[in-house]
Amino acid sequence: MTTPVPQNRVAQWIEYRLPVFSWTNKHLIDYPAPRNLNYWWNFGSLAGFMLVLQIVTGVVLAMHYTPHADHAFDSVEHIMRDVEWGWLMRYLHANGASMFFAVVYIHLFRGLYYGSYKSPREILWWMGVIILLLMMASAFMGYVLPWGQMSFWAATVITNMTSAIPWIGETVVTWLWGGFSVDHPTLVRFYALHYLLPFVIFAVVFIHLWALHHRKSNNPLGIDIKSDKDTIPFHPYYTVKDMFGLGVMMFILLLFTFYMPNVLGEVINYEKANPLQTPAHIVPEWYFLPFYAILRAIPDKLGGVVAMAASILILFILPWLDTSRVRSARFRPIYKWAFWVFVVDCIALGWVGANTPEGNFIWIGQVTTGYYFAHFLIVVPLIGKFERPTKVPESIHQAVLKGGEGAGEAAAAGAAGAAAAPASGEQS
Amino acid sequence: MADAAPPSESLSEDGGKRRDFLVLAAGAMGGMATVAVVWPLIETMNPSADVLALASTEVDLSAIEEGQTIVVKWRGRPVFVRHRTADEIAAAQAASLDELSDPQPDSERAPQAQWLIVEGVCTHLGCVPLGSKLGDPRGEFGGWFCPCHGSHYDTSGRIRKGPAPANLPVPTYEFLDDTLVRIG
Ligand code: HEM
Ligand code: FES
């Protein structure tokens, strides 16, 4: 085991005043992690990395960007053409937002599959949902900043949703806009908030990790850590595993950034905002499409907005909607299917959201929206009641060493753990 | 808190009440102070004086031919000024009020029947409906059609079909003379 107290005198001097060394050791080096974590457990640290990358590229962009309705569009073109490496920073930032959402969505679905939202991780889960909401707000406001046609009209349509609130709706939109339409004051406040929110996310991530390190990670078996034999130290096992995942993610991000930087965007956003003309076809970025489909599925203004908000807020009460006491879907023969049906439903919603609501898309949108809510409000509670889970192993290390379901990955982690365990004692 | 503190022992019944009062009073002051700080913070986000000052626009109607619509900018958003044809006026006036989801007679919306002046902002989520330019789709009721989520407006700018809840709003305006109108 690494010694928490440093040998070096300077380090000791610091440690006595601010215990950074023992803290790092406790949370990043000797931190006991379940020995059977699979690759789905990479996505949390990947999301953390993406947040940092967005902040770093964002700060650099902010040095060249002009938050003014008359100059914003040109300043983004200035970044693209004149600023040294500006194109790289902007493409990383724009595609980085997509990567961030992709990673966070996988992270979230990982939680749905392995029951990570269940006791004692409800608050951890809530913090995750809050992060998602803040990310959506940040990404939406960031998208407005280049002040292209899609920026402007996305801002108009989204802010107008608040006008659906009975009685005070109109007052609220005027307040949001700081005027009578989306205009210069709106752009400037969005810029201020776009700069601020990622740091708020950072703070919530901290609480998220606090809760995580208090009750420790869930794992593919969904059973609690019962003894030291169930864990391996975070370093080097999961630091290395996370680094590998980071390499794969960066490969994908750079593939987009260098070879197809605009495929996820809308061409029309390279046209300057025109408040007098709406583009023929308004679509949000891909990561908002399922929610956009839900908004349009309800043929009533207030109803659509309420359904859209509810589709995310419902995640807050999921820990109580799921009545099953078994966490991992691995031991839940029916839930496992319901999970995949739900994944397909979300993808279908995204597909509907990308298309004009005409013909078949209307009823497909309504059916998939209905199922989205039915999954949470009917399917999940009922499965918990009637499903008979298969036998859950006694402990992580028994499952890992004896084999059984998921033996492959678990055994590999276990073997690596056994082989390298003595070596870790020599470090530090 | 109460257990170890000597002052609480020495306090009489009265002292306890006095302390309760102090806690309440301090709490109330704190609450008022919070409101006093939060209120201006929120108010700063409302339209500023210069934005409010831009609140009127004058339009010269003489150049608008019958059947033509022009789009002018008022408070940052479009306003449609349509010189309606006799047919359009007739269609608008013929619609009976119970066919309408936001019932309003045409005479109220266009006191001078040939001139229809409405805000060009869809009451659903704020897109600009099509129908002002030649060749634009005008929807099933010959007025405007909003491409965003499919709302149809008639020749009086009233909502007839689609998700929008209300008619295109009529801004306040006044005729300065026969061909000059001030909006706002
Ligand atoms: C949660 C993290 C963040 C997300 C998801 C995010 C997302 C976005 C998105 C989607 C855009 C529009 C990209 C485009 O199409 O051009 C954007 C633009 C921008 N962001 Fe961020 N952002 C984040 C953090 C930050 C931070 C921390 C800053 C500043 C310190 C920043 C500064 C900017 C600037 C200046 C622009 C306008 C330039 C441009 O359009 O490329 N961002 N952001
Ligand atoms: S904004 Fe016009 S129909 Fe939705």
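Everything quoted here is computed from the prediction, not taken from an experiment.

Cut-offs applied
Residues numbered from 1 in each chain as written. Chains lettered and ligands numbered in written order. Predicted model: local features only at pLDDT ≥ 70, side-chain atom pairs only at ≥ 80, totals over all residues. Heavy atoms only, no water. pLDDT = per-residue confidence, 0-100. Helix = DSSP H or I, 4+ residues; strand = E, 2+ residues; numbered from the N terminus. Buried < 20%, exposed > 50% of the residue type's maximum accessible area, 1.4 Å probe, protein only. Pairing = 2+ DSSP bridges. Axes fitted to C-alpha atoms, helices over the stretch in contact; angles between N-to-C directions. Near = heavy atom within 4 Å. Polar contact = N/O pair within 3.5 Å; in protein donor to acceptor, adjacent residues only side chain to side chain. Contact = heavy atoms within 4.5 Å. Buried area = accessible area lost by both parts, 1.4 Å probe. Salt bridge = Lys/Arg side-chain N within 4 Å of Asp/Glu carboxyl O. Nonpolar A, V, L, I, M, F, W, Y, C, P; charged D, E, K, R; others polar.

Observations concerning the confidence of the model for chain B
Residue and element names in this part refer to chain B. Mean pLDDT for chain B: 89, with 93% of residues reaching 70 or above. The element-level mean pLDDT for chain B is lowest in helix α1 (residues 6–10), coming to 52, with strand β4 (residues 115–119) highest at 95. Scoring of the predicted complex yields 0.89 for pTM and 0.82 for ipTM.

Here's the deal with the pairing of strand β3 (residues 77–83) of chain B
Residues and elements named next belong to chain B. Burial analysis of β3 places 7 of its 7 residues in the buried class, the great majority of the element. For strand β2 (residues 69–74) and β3, the ladder comprises 6 bridges, and the chain directions are antiparallel. Looking at β3, one finds that I70 is bridged to V81. Relative to β4, β3 runs antiparallel, the two being bridged by 5 bridges. By the bridge assignment, H83 is partnered in β4 with W115.

Regarding the sheet that holds strand β9 (residues 180–183) of chain B
All names here are of chain B. Taken in spatial order, the 3 strands make up an open sheet running β1-β9-β8, and their pairing is antiparallel. Strands with a single pairing partner mark the edges of an open sheet, and in this sheet they are β1 (57–60) and β8 (173–177). The mean inter-strand angle of the sheet, taken between neighbouring strand axes irrespective of direction, is 25 degrees. As judged from the 4 bridges shared by β1 and β9, these two strands associate in the antiparallel manner. Pairing of T57 across the sheet is with I183, part of β9.

Re the site of ligand 1
All names here are of chain A. In the vicinity of ligand 1, 24 residues are found, and the nearest of them are R90, H93, P146, H194 and Y195. Within the contact set of ligand 1, an oxygen atom lies 2.8 Å away from a side-chain nitrogen or oxygen of R90. Between a nitrogen atom of ligand 1 and a side-chain N or O atom of H194, the distance comes to 2.7 Å. When residues of the shell around ligand 1 are traced back to their parent elements, those giving at least two are α3 (43–62), α5 (86–114), α6 (122–144) and α9 (184–215).

Quick word on the interface of chain B and chain A
Listed per partner, the contact involves 25 residues of chain B and 26 residues of chain A. Carbon and sulfur atoms make up 66% of the surface buried where chain B meets chain A, a total of about 2300 Å² over both sides. If you sort the residues of chain B by the area they bury against chain A, M45, R75 and L125 of chain B come out on top, with a joint share of 27%. At the boundary of chain B with chain A, the tally comes to 0 salt bridges. At the boundary of chain B with chain A, the tally comes to 9 residue pairs in polar contact (both at pLDDT 80 or more). Counted by class, the side of chain B that touches chain A contains 14 nonpolar, 7 polar and 4 charged residues.

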